[in-house]
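Tertiary structure, described
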Amino acid sequence: MKHILTMAAICLVVALSDDLVMAQPAGEPVSKVCREGPRAREIEIQKIEPFKVFDNLYHVGPCFVSAWILTTPQGDIMFDSAQEPFVDKVMDNIKKVGVNPRDIKFIVINHGHIDHAGGAARLKEFTGARVVATPEDWTMIEALNGRPNNRDSDKPTVTPKRDMEVHEGDHLDLGDQHLIIHTAPGHTPGNLFIEGLLLKDGNRTYKGIWGGGGVGAPGLEGAKQGVINAQKLNAVQGVQVYLMTHSWEPPDGYPGGGIHERAKLLVTRKPGDSHPFVDAASWDARAKRSLETAQSVLAQEQAKTAAPK
Ligand SMILES: [Zn+2]
């Protein structure tokens, strides 16, 4: 009897991994299942199909960490590179959406953690693109070289040689896109976000931002930097689309659902419906909240320093 129960349990697990949608407990969004909790470690649920988000933007990454491609008439820009063992699927996805890999001119790495930078070497070879990161995070990317990765432990990570470096305020211009780079040290020393993406939907164009993690490092100096980061984020005006680097942000997604909940709405969208990724109000609330949080963290750190020993 015990044996039969075990078998049934195994069959159930297998059936569930076949279909991510089926696998959700009631109310658990796909974006959260693949990003947080025990199922996020499963390899197969990450290998999702690519999708078009705007006329000039595709999602080609695995479920939990985004890889976006912004197309222009003069070549394309890729944001983040995912990691093994998902890079074959990412390459496949690029071809599936009809992007010529050789048209990709830049691969921008949000920060030097493996889930963002781990695919960069193979994707550089595949596309011929320049790999772009801050100098601080290039040091992290170089340090990943030869290290086992956290999802595919048999294979040592291969990272590209230090390629293109960007700094606060640098511009990245390609075709009709004039992007502005910002650094927000904290999560890593050279974590970045980018403003100025122009996202096209029929005859409408929306202003997008990519990335936006702004938390400072621990301690008083980190807390001060956290406030500067949040101020930079709030200084970006008129953001209508927030392109997240991960499918889900705690505690409640974006809100309004993570990437894959919004993607589902794209499928059922009718002519004249608003675009599910256009959500200025959620962005504004998020930016405001990030500043309030950063200020309260700073106040706590200052109180610690001021407290008598
Ligand atoms: Zn990270």
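What you are looking at is a predicted structure, and each value in this text was computed from that prediction instead of being measured.

Attention now goes to the overall build of the chain. Summing up its helical and strand segments, the chain has 10 helices and 12 strands in all. Burial statistics for the chain: of 309 residues in total, 51% are counted as buried. When the accessible surface of the chain is summed, it comes to about 14500 Å², and 58% of that surface belongs to carbon and sulfur atoms.

What follows covers the coordination of the zinc ion. The protein atoms that coordinate the zinc ion are His-111 (NE2), His-113 (ND1) and His-187 (NE2), at distances of 2.1 Å. The motif formed by the donor residues of the zinc ion, counted along the single chain, is H-x1-H-x73-H. Using a relative accessible area of 26% as the deciding quantity, one classes His-113 as partly exposed.

Turning our eyes to something else, we now look at the nonpolar core. The biggest cluster of nonpolar side chains holds 75 residues, and the ones touching the most others in it are Met-78, Phe-79 and Ile-94. Element by element, the count of residues in this core is highest for strand E10 (residues 192-201), at five residues. Sequence-distant contacts of Met-78, defined by excluding residues within four places in its chain, comprise Val-60, Ala-67, Trp-68, Ile-69, Val-90, Ile-94, Ile-104, Phe-106, Ile-107, Val-108 and Leu-123. Ala-223, Val-227, Leu-291 and Ala-294 belong to the second largest nonpolar core, which has six residues in total.

In this section: the packing of helix H8 (residues 219-235) against helix H10 (residues 280-306). Axis separation between H8 and H10 bottoms out at 8 Å; the angle between their running directions is 160 degrees. Taken together, the axes of H8 and H10 are roughly antiparallel relative to one another. Relative to H10, H8 is oriented so that their crossing is left-handed. Among the residues making up the contact of H8 with H10, the classes are represented as 11 nonpolar, eight polar and four charged.

Spatial strand order, E1-E2-E3-E4-E5-E6-E7: seven strands in an open sheet with mixed pairing. The open sheet has two edge strands, strand E1 (51-54) and strand E7 (164-165), and neither has a second partner. Of the strands in this sheet, strand E6 (130-133) and E7 are in contact with helix H7 (residues 135-144), which crosses E6 at around 115 degrees. Helix H9 (residues 259-268) rests against E1, strand E2 (57-59) and strand E3 (68-72) of the sheet, and its axis sits at about 85 degrees to E1.

The next thing to look at is the environment of Gln-302. Residue placement: Gln-302 occurs in helix H10. It is 9.6 Å that separates the C-alpha atoms of Gln-302 and Lys-224, two residues lying 78 residues apart in sequence.

Residues of H9 that are buried: Ile-259, His-260, Glu-261, Arg-262, Ala-263 and Leu-266. The elements touched by buried residues of H9 are helix H3 (30-33), E1, E2 and E3.

Taken in spatial order, the five strands of this open sheet run E8-E9-E10-E11-E12, and their pairing is mixed. The open sheet has two edge strands, strand E8 (171-174) and strand E12 (241-243), and neither has a second partner. Averaged over all pairs of adjacent strands, the angle between strand axes in this sheet comes to 25 degrees, irrespective of strand direction. As paired strands, strand E9 (residues 177-183) and E10 are joined by four bridges and run antiparallel to one another. Bridge assignment links Ile-180 to a residue of E10, and that residue is Glu-195. Against the sheet, H8 touches E9, E10 and strand E11 (204-210), its axis set at about 160 degrees to E9.

Before going further, it helps to examine the environment of Asp-76. Following the sequence through the fold, Asp-76 ends up in strand E4 (residues 75-79). Classification of Asp-76 by relative accessible area gives buried; the value is 5%. Along the sequence, Asp-76 and Ile-107 sit 31 residues apart, while their C-alpha atoms lie 9.0 Å from each other. Once residues lying within four places of it in the same chain are set aside, the contact partners of Asp-76 are Ile-69, Leu-70, Thr-71, Val-99, Asp-103, Ile-104, Lys-105, Phe-106 and Leu-174. Side-chain polar atoms of Asp-76 contact the backbone nitrogen of Thr-72, separated by 3.3 Å.

To continue, consider the packing of aromatic side chains. Summed over the entire model, instances satisfying the criterion amount to four aromatic pairs. Centroid distance Phe-64 to Phe-86: 6.0 Å. Interplanar angle 65 degrees. Geometry classified as edge-to-face. Linking Phe-64 in the loop between E2 and E3 with Phe-86 in the loop between E4 and helix H4 (87-96), this pair joins segments that are 22 residues apart in sequence. Note that Arg-151 overlies the ring of Phe-64, its terminal NZ or CZ placed 3.9 Å from the centroid.

Turning our eyes to something else, we now look at the packing of H4 against helix H6 (residues 120-127). Here H4 crosses H6 at 35 degrees, and the two axes come no closer than 10 Å. Considering only the axes of H4 and H6, their crossing is right-handed. Between H4 and H6, the contacting residues are Val-87, Asp-88, Val-90, Met-91, Ile-94 and Lys-95 on the first element and Arg-122, Leu-123 and Phe-126 on the second. The residue inventory of the contact of H4 with H6, partitioned by class, reads six nonpolar, no polar and three charged.

Analysis parameters
Residues numbered from 1 in each chain as written. Predicted model: local features only at pLDDT ≥ 70, side-chain atom pairs only at ≥ 80, totals over all residues. Heavy atoms only, no water. Helix = DSSP H or I, 4+ residues; strand = E, 2+ residues; numbered from the N terminus. Buried < 20%, exposed > 50% of the residue type's maximum accessible area, 1.4 Å probe, protein only. Areas by Shrake-Rupley, 256 points an atom, 1.4 Å probe, with all protein chains shown as cover. Donors = N, O, S within 2.8 Å, 3.2 Å for Na, K, Ca; no water. Core = buried A, V, L, I, M, F, W, Y, C linked by side-chain atoms within 4.5 Å. Contact = heavy atoms within 4.5 Å. Axes fitted to C-alpha atoms, helices over the stretch in contact; angles between N-to-C directions. Parallel < 35°, antiparallel > 145°, perpendicular 65-115°, else oblique. Left-handed = near helix turned anticlockwise from the far one by under 90°. Nonpolar A, V, L, I, M, F, W, Y, C, P; charged D, E, K, R; others polar. Pairing = 2+ DSSP bridges. Polar contact = N/O pair within 3.5 Å; in protein donor to acceptor, adjacent residues only side chain to side chain. Phe/Tyr/Trp six-rings, centres within 6.5 Å; stacked < 30°, edge-to-face > 60°. Lys NZ or Arg CZ within 6 Å of the ring centre and 35° of its normal.

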